[in-house]
Amino acid sequence: MTSDPISKGLLPEGLRDRLPPDAEAAARLLRTVLDTVASYGYERVSPPLAEFEEGLVGQLKLGGAQDLLRIIDPASQRTLALRPDITAQVGRIASTRMAHRARPLRLAYGGEVLKLRATQLRPERQLLQAGAELIGSDGVAAAREILTMAVEALTAAGVGEITVDLTLPDLVPTLAAGPFPLPEGQIESVRAELDEKDAGAIAALGAEAYLPLIRAAGPIGPALERMRAIDAGDALTSRLDGLQQIAEALEGRATVTLDPTERHGFEYQSWIGFSLFGAELGGEIGRGGSYAICAEGDAEEPAMGFSLYLDPLVDAGLGAKDKRRLFVPLGTDPALAVSLRAEGWRTVAALTDADSAERLGCTHRLDGQTPQPL
Ligand SMILES: N[C@@H](Cc1c[nH]c[nH+]1)C(=O)O
């Protein structure tokens, strides 16, 4: 043993212990989300924490190079990466071990992911992620199912005033390939300026046709109207009709907004993406959308899914339950303790005479046969 602070429980930046009662709250929230998606027929898969780097990287179409925490595996002498996102792993499972299963394939997952870097918005690097992926379809019906479940899971977890912010991640490349052509190499600049919502810079790039996209952002009704006023032909119409039907499915359950050019964090999503927010939870608590899985050969498979990030919910005190703890004095009949646990009590047994209800953080003590509040 040294006196080095690392041996005294110091953890690397962005990593933390969950203590009571938060660790239990996190487990309960995870259970709630998984139970919700299971009730829609989603079957759980549980991929490993780390795998060969290539397996994580090339799995999703559009999924670019990622910031990965890598380790060299002494056993295989290969580079392994710790998963930063479970969606790509589910894609791998769907296109390999479960390739023979009928589509649409509905899979659910929950577990820890690790990001290489913390961000200012999110100081944690290890995050508890839970979600569902619908493999074999990326249409409007799939989006409605995925978003309905995400909102239902958040509601069951105790999140109020849910907002779904819809976006069209591939909008600029789609318009550039059709009605609003852009010179080769300028798509990225236009996207970057749209991110900044910098109208002057967009005009300076000669991309005036894209300006109305900035003004369209806002509550879904008026935003769709403004988008429909943009004369960009079929590509846009079918997307807007889709968004409308999705918003209708969420009516009364969530506030729906549209930010058509938002693409922050949407690395591999295609025609639709969404971010989820809740009352008093600060930043984003979930995200998802449509994407394509790279299958055998050059084949691709459409998919749609969502991931929730449960740590902000835990930090906000959600998932906490009954904190009652019943002190059971020395010499109590074990059968009585058994029946109290069967009634739902959490019993804390004295091991010696020195143990007391107060010291052990109990809220109740057994008085004869009956629990009494302290
Ligand atoms: N896994 C993605 C969200 C997602 C799930 N399915 C499709 N997209 C994320 O956490 O950003």
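Calculation notes
Residues numbered from 1 in each chain as written. Predicted model: local features only at pLDDT ≥ 70, side-chain atom pairs only at ≥ 80, totals over all residues. Heavy atoms only, no water. Buried < 20%, exposed > 50% of the residue type's maximum accessible area, 1.4 Å probe, protein only. Helix = DSSP H or I, 4+ residues; strand = E, 2+ residues; numbered from the N terminus. Pairing = 2+ DSSP bridges. Near = heavy atom within 4 Å. Polar contact = N/O pair within 3.5 Å; in protein donor to acceptor, adjacent residues only side chain to side chain. Areas by Shrake-Rupley, 256 points an atom, 1.4 Å probe, with all protein chains shown as cover. Nonpolar A, V, L, I, M, F, W, Y, C, P; charged D, E, K, R; others polar. Contact = heavy atoms within 4.5 Å.

K.L.:
Please explain the pairing of strand E10 (residues 273-277) as it appears in this structure.
P.N.:
The two faces of the sheet receive side chains in turn, since in a regular strand these alternate between them. Of all five residues in E10, four are buried, a share of seventy percent or more. For strand E7 (residues 163-167) and E10, the ladder comprises five bridges, and the chain directions are antiparallel. By the bridge assignment for E10, Leu 166 is matched with Phe 274.

K.L.:
Got a minute to help me understand the site of the ligand in this structure?
P.N.:
By nearness alone, 14 residues border the ligand, and Asp 85, Thr 87, Arg 287, Ser 307 and Tyr 309 come closest of all. A distance of 2.7 Å separates an oxygen atom of the ligand from a polar side-chain atom of Arg 287. Here Gly 305 contributes a backbone N or O atom positioned 3.4 Å from a nitrogen atom of the ligand. Protein contact buries 98% of the 300 Å² of open area that the ligand shows by itself. Contributing elements (two or more residues each) for the shell around the ligand: strand E6 (126-135), strand E11 (286-294) and strand E12 (300-309). The class makeup of the residues in the shell around the ligand is four nonpolar, seven polar and three charged.

K.L.:
Looking at this model, I keep getting lost on the sheet that holds strand E8 (residues 218-219). Mind explaining?
P.N.:
Sheet architecture is open: nine strands sit in the order E1-E5-E6-E12-E11-E10-E7-E9-E8, paired in mixed fashion. With one partner strand each, in any of the chains shown, strand E1 (43-44) and E8 form the two edges of the open sheet. Note that E11 and E12 share nine bridges and pair antiparallel. Paired with Cys 294 across the strands is Glu 300, a residue of E12.

K.L.:
Would you mind showing me how to read the environment of Thr 163 here?
P.N.:
Within the fold, Thr 163 resides in strand E7. Judged by its relative accessible area of 22%, Thr 163 falls in the partly exposed class. For the pair Thr 163 and Gly 200, spaced 37 residues apart in sequence, the C-alpha separation works out to 30 Å. Those residues in contact with Thr 163 that sit more than four places away from it in its chain are Thr 255, Thr 257, Ser 275, Leu 276 and Phe 277.

K.L.:
Is there a simple way to explain unusual backbone geometry in this structure?
P.N.:
Note: most peptide bonds trans; most residues except glycine with negative phi. Note the cis peptide between Pro 20 and Pro 21, where omega equals 0 degrees. Here the bond from Arg 103 into Pro 104 is cis, since omega is -5 degrees, no more than 30 degrees from zero. Even without being glycine, Gln 77 reaches a positive phi, approximately 60 degrees. Note that Gln 77 resides in the loop between strand E3 (69-72) and strand E4 (79-82). You can call Gln 77 exposed: its relative accessible area is 62%. The phi dihedral of Glu 161 is positive, around 45 degrees, even though this residue is not glycine. Inspection of the secondary structure assignment puts Glu 161 in the loop between helix H4 (140-156) and E7.

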